[in-house]
Amino acid sequence: MEKSTEGAVTESSSFSQVLFNDIPHIYPPSTPVSCHYTLTAAFQPSTRDWVGIFKVGWSTTKDYHTFVWVEPPLDLVQEPVRKQVVFREYYLPKDDSEFYQFCYVDSSGQVKGASTPFCFKNTAEQSVDCSLENDLLVITTQEQVEQSAKEKMELTKELDHMREEMESIKCALKEKQQEVDSLKEQREQDKSELVKELTQMKEQNESLMSSLKEQQQETDRLQSLTHIQEKYDRALVKINMLKEERDDLKREIDIQSAVIAELKPKVREREQELLKLKDNIQLLQLDLRSSEKEKEKLSEEVDMLRSVTHNLDDLNRENQQLRRSLSEQETLQNIPDDDPAAHALLTQLQDARAQLAYEIQDSNNAKRRAEETERELRELKRQMENVTTLVDQTQRCCSKQEMQLTEANIVIAVKGEKIADMEILIEEKENMIMIEKQEKEELARENQTLRRDIEGLHREFADFQAVPPNSLPMRPPTPDASPAHTTSTTTQEQQQDALPDSLQCDNLYETIGCVADTEEEQSLVCRHCQEIFPGITQDELVQHEQSHRVCPFCTLICDNIEQSVFEDHVYSHEL
């Protein structure tokens, strides 16, 4: 009864969160329907809420005929808000003999409000129905009246019978209510007693937990002692490795300084050779300039000779003309001696022949000089080509020497930087060695304190073994355990109390040892830094090992060293 009443109350409270306003009994079909509703302050709408038209008698929210999504307000609903949705005529029901109602459904599928029933009818049909109801005259017979009176009497009897049953049910309900009140009082008393017992059990449990924590601290101290000893050993190994690296670096510095000392005289020799080559280049440049001047002079002479050859060609043409004229004059030698004009022509012809022979000799001499100058010009060209090849060779040699000199200077500078980096590394290694020594001293002091603590724990353990078993606190049962379970646990605790103290202590330390063994089995060790990682997988260990920067030659961990210094360290092994 109580559950049904509570369900009805929750349904009514959820249905009243959205109120539908001004809902008529009849809507005309084939017209849009507007639905007005009010959101109360107790309900917060969402974008997934919807209003549907349901047929009266629906059982689930899936029985809707059509629905429309709502538009929630932008702000939080702190007071009642009126909203409206419109259903299009195409999606409205066509059956005018059924009744429907609006229902507001939230995003979780729960109905938050329902309207009064309505139907879809035309206005003409509505007016006809109203007129028929107003003008209708009901005619009944006497038998129907008597039968209705009998039915009324029977209904009154049934109503009286139901009232009597209702009173008897009320009396039984009062008795049940009294029994419930008494049971509630008894339950409160039992609850108070259980609370007291629980407080006592909690106190005992806290005492047991404190003792267990102390024992756990003892085991942690023992484990920390072993871990400190491992750290001490690793620190010694690192110190020895750093010392060896320092000695190796010193030897490398000595070797590199000797190499630099050997390279310095070679660099000086190369510089002297470079100066000599520069002087030779200057001399060759002077020779080249002088040869260019001579070339210019020879070109001028060649031009003159070409003009002379041109004049010679002109003379040859004149000579041919003179020869033709002589041949003509020879034909005229048959002229008699008494003719003075002929004698004058002969004298002129002889003079022309002599002049022609002289000019022919001059032209031959000019040709020989031109040929000699051409030969000299060819020789000068060959000499110029040889000089230019020598100049190019000397310039290439000079550039090679300069490149070698710059490379040597770069090598010397790199070696100097490496030496400076090595000195910085040596200083860092010395500082690390000092820090490791200080840590070693601190670890030794912590080792002594832990040993004293272990001796005190041994004494406390001996005193703990001397305590009788009856003085040990019992383990409290859990509040959710059943009575049978509590009885079984108490019997088990009694049996455990009956055991001797030595067996209980041995079992306790055996379990602690087992836990330690399982932790050691689960813990993995890095092969570079020798760090112990409990509770990690093999892949995680591989990722941790790959994160280290390790020298491939001496297996030195260089995580805190820059990349350039690390590369120099690796290259030093290759040298």
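Computed from a prediction, not measured in an experiment: that's the story for all the values here.

I would appreciate a short explanation of the overall build of the protein chain in the present structure.
Each helix and strand in the protein chain was counted, giving eight helices and eleven strands. Residue burial in the protein chain is summarised as follows: out of 575 residues, 22% are buried. Taking as baseline every contact in the protein chain between residues at least 6 positions apart, the subset at least 24 positions apart corresponds to 66%. Within the structure as shown, the protein chain displays about 42,400 Å² of accessible surface, and the carbon and sulfur contribution to it stands at 52%.

Would you mind going over unusual backbone geometry with me for this structure?
Glycine aside, residues mostly have negative phi angles, and peptide bonds mostly take the trans form. The phi dihedral of Asp-22 is positive, around 55 degrees, even though this residue is not glycine. In the Ramachandran plot, Ser-30 falls in the positive-phi region, its phi being about 60 degrees despite a non-glycine side chain.

What is the right way to look at the sheet that holds strand β4 (residues 50-55) in this model?
Note: strands within a sheet are paired through backbone hydrogen bonds, in either parallel or antiparallel orientation. In spatial order, the strands read β5-β4-β7-β8; together these four strands make up an open sheet with antiparallel pairing. Only two strands of the sheet have a single partner each, and these edge strands are β5 (64-69) and β8 (111-114). Here the strands of the sheet are splayed against their neighbours by 25 degrees on average, with no regard to which way each runs.

How do you make sense of the sheet that holds strand β1 (residues 18-21) when you look at a structure like this?
Within the open sheet, the three strands sit side by side as β1-β3-β6. Their pairing is antiparallel. In the strand order of this sheet, the two ends are held by β1 and β6 (81-87), each with one partner. Strand-to-strand twist of the sheet, defined as the mean angle between neighbouring strand axes without regard to direction, takes the value 30 degrees.

What's the story with the nonpolar core in this structure? I'm lost.
Side chains of nonpolar character tend, in soluble globular proteins, to be buried together. Among the nonpolar cores identified, the biggest contains 20 residues, and Phe-20, Tyr-37, Val-51, Phe-87, Phe-102 and Tyr-104 are the most heavily contacted of them. Of all the secondary-structure elements, those providing two or more residues to this core are β1, β3 (33-39), β4, β6 and β7 (100-105). A per-element tally of this core places β3 first, with four residues. If sequence neighbours within four positions are ignored, Phe-87 has contacts with Pro-32, Val-33, Cys-35, Val-51, Ile-53, Thr-66, Phe-67, Val-68, Leu-92 and Phe-102. Within the second largest apolar cluster, 14 residues are counted, among which are Ile-419, Leu-425, Cys-558 and Ile-561.

Would you take a moment to explain the side chain of Asp-49 for this structure?
Within the secondary structure, Asp-49 is located in the loop between β3 and β4. At 7.9 Å, Arg-48 is the nearest oppositely charged side chain to Asp-49, a buried residue that forms no salt bridge. Of the polar contacts made by the side chain of Asp-49, one reaches the backbone nitrogen of Ser-46; its length is 3.0 Å. Dropping the residues within four chain positions of it, Asp-49 is found in contact with Phe-43, Trp-69, Val-70, Tyr-104, Val-105, Asp-106 and Ser-107.

Whenever I open this one, the side chain of His-548 confuses me. Can you help?
Tracing the sequence through the fold places His-548 in the loop between α7 (538-547) and α8 (563-574). Using a relative accessible area of 15% as the deciding quantity, one classes His-548 as buried. Ignoring sequence-local partners within four residues, the contact set of His-548 consists of Cys-526, His-528, Cys-529, Ile-557 and Asp-559.

How do you make sense of the pairing of β7 when you look at a structure like this?
Within a regular strand, the side chains alternate between the two sheet faces. By the criterion of burial, β7 is predominantly enclosed, with six of the six residues buried. Both faces of β7 are covered, namely the face carrying Tyr-100, Phe-102 and Tyr-104 and the face carrying Gln-101, Cys-103 and Val-105. By the bridge criterion, six bridges tie β4 to β7 in an arrangement that is antiparallel. Directly across from Gly-52, in β7, lies its bridge partner Cys-103. The pairing of β7 with β8 spans three bridges and is classified as antiparallel. Across the sheet, the residue bridging to Tyr-104 is Gly-113, located in β8.

What should I look at first to understand the pairing of β3 in this one?
Taken across its seven residues, β3 has five buried, putting it largely inside the fold. Two elements, β1 and β3, share four bridges in a ladder whose sense is antiparallel. Looking across to β3, one finds that Leu-19 is bridged to Thr-38. Note that β3 and β6 share seven bridges and pair antiparallel. Within the sheet, the bridge partner assigned to Val-33 lies in β6 and is Phe-87.

I would appreciate a short explanation of the pattern of salt bridges in the present structure.
Two side chains that carry opposite charge are able to pair once their charged atoms sit near each other. What the rule picks out here adds up to four salt bridges. Two residues, Glu-531 and Arg-234, come together in a salt bridge whose shortest N-O distance is 3.8 Å. Of the two residues, Glu-531 sits in the loop between β10 (524-525) and β11 (532-533) while Arg-234 sits in helix α3 (residues 142-331), which places them 297 residues apart along the sequence. Here Asp-248 makes a salt bridge to Arg-251, at a shortest N to O gap of 2.0 Å. Here Asp-248 and its partner Arg-251 are both found in helix α3, three residues apart, which amounts to about one turn of the helix.

I'm lost on empty space enclosed by the protein in this one. Help?
Any empty space left between atoms is shown by rolling a water-sized probe over those atoms. On inspection of all chains with the given rule, the structure shows four cavities of 30 Å³ or more. Its volume calculated, the largest cavity comes out at about 60 Å³. What lines the largest cavity is Glu-245, Leu-249, Leu-425, Lys-429, Leu-556, Cys-558, Ile-561, Val-565, Phe-566 and His-569. Secondary-structure elements contributing two or more residues to the lining of the largest cavity are α3, α4 (340-466) and α8. The dominant element in the lining of the largest cavity, judged by the number of residues it contributes, is α8, at three residues.

Before we go on, may I ask you to explain the packing of aromatic side chains in this structure?
Summed over the entire model, instances satisfying the criterion amount to 19 aromatic pairs. A centroid spacing of 5.2 Å and a plane angle of 45 degrees characterise the contact between Phe-54 and Trp-58, whose relative ring orientation is tilted. Overall, Phe-54 belongs to the buried group, its relative accessible area being 0%. Trp-58 gets classed as partly exposed once you look at its relative accessible area, which sits at 21%. Taking 5.7 Å as the distance between ring centres and 25 degrees as the angle between the ring planes, the aromatic pair formed by Phe-87 and Phe-102 counts as stacked. Of this pair, Phe-87 sits in strand β6 while Phe-102 sits in strand β7, and the two are 15 residues apart along the sequence. For the pair shown, Phe-87 and Phe-102 are each scored as buried. Grouped by ring-pair contacts, the aromatic residues Phe-20, Tyr-27, Tyr-37, Phe-43, Phe-87, Tyr-100, Phe-102, Tyr-104, Phe-118 and Phe-120 constitute a single cluster. Over the face of the ring belonging to Phe-566 we find Arg-549, whose NZ or CZ atom lies 5.7 Å from the ring centre.

Rules used in this analysis
- Residues numbered from 1 in each chain as written.
- Predicted model: local features only at pLDDT ≥ 70, side-chain atom pairs only at ≥ 80, totals over all residues.
- Heavy atoms only, no water.
- Helix = DSSP H or I, 4+ residues; strand = E, 2+ residues; numbered from the N terminus.
- Buried < 20%, exposed > 50% of the residue type's maximum accessible area, 1.4 Å probe, protein only.
- Contact = heavy atoms within 4.5 Å.
- Areas by Shrake-Rupley, 256 points an atom, 1.4 Å probe, with all protein chains shown as cover.
- Pairing = 2+ DSSP bridges.
- Axes fitted to C-alpha atoms, helices over the stretch in contact; angles between N-to-C directions.
- Core = buried A, V, L, I, M, F, W, Y, C linked by side-chain atoms within 4.5 Å.
- Lys, Arg positive; Asp, Glu negative; His and termini not counted.
- Salt bridge = Lys/Arg side-chain N within 4 Å of Asp/Glu carboxyl O.
- Polar contact = N/O pair within 3.5 Å; in protein donor to acceptor, adjacent residues only side chain to side chain.
- 1 Å grid on protein atoms, 1.4 Å probe; cavity = no way out; pocket = protein on both sides within 12 Å on 5 of 7 lines; lining within 4 Å.
- Points joined across faces, edges and corners; volume = space filled by probe spheres on them.
- Phe/Tyr/Trp six-rings, centres within 6.5 Å; stacked < 30°, edge-to-face > 60°.
- Lys NZ or Arg CZ within 6 Å of the ring centre and 35° of its normal.

From the geometry alone we can't say anything about function, so treat these as descriptive.
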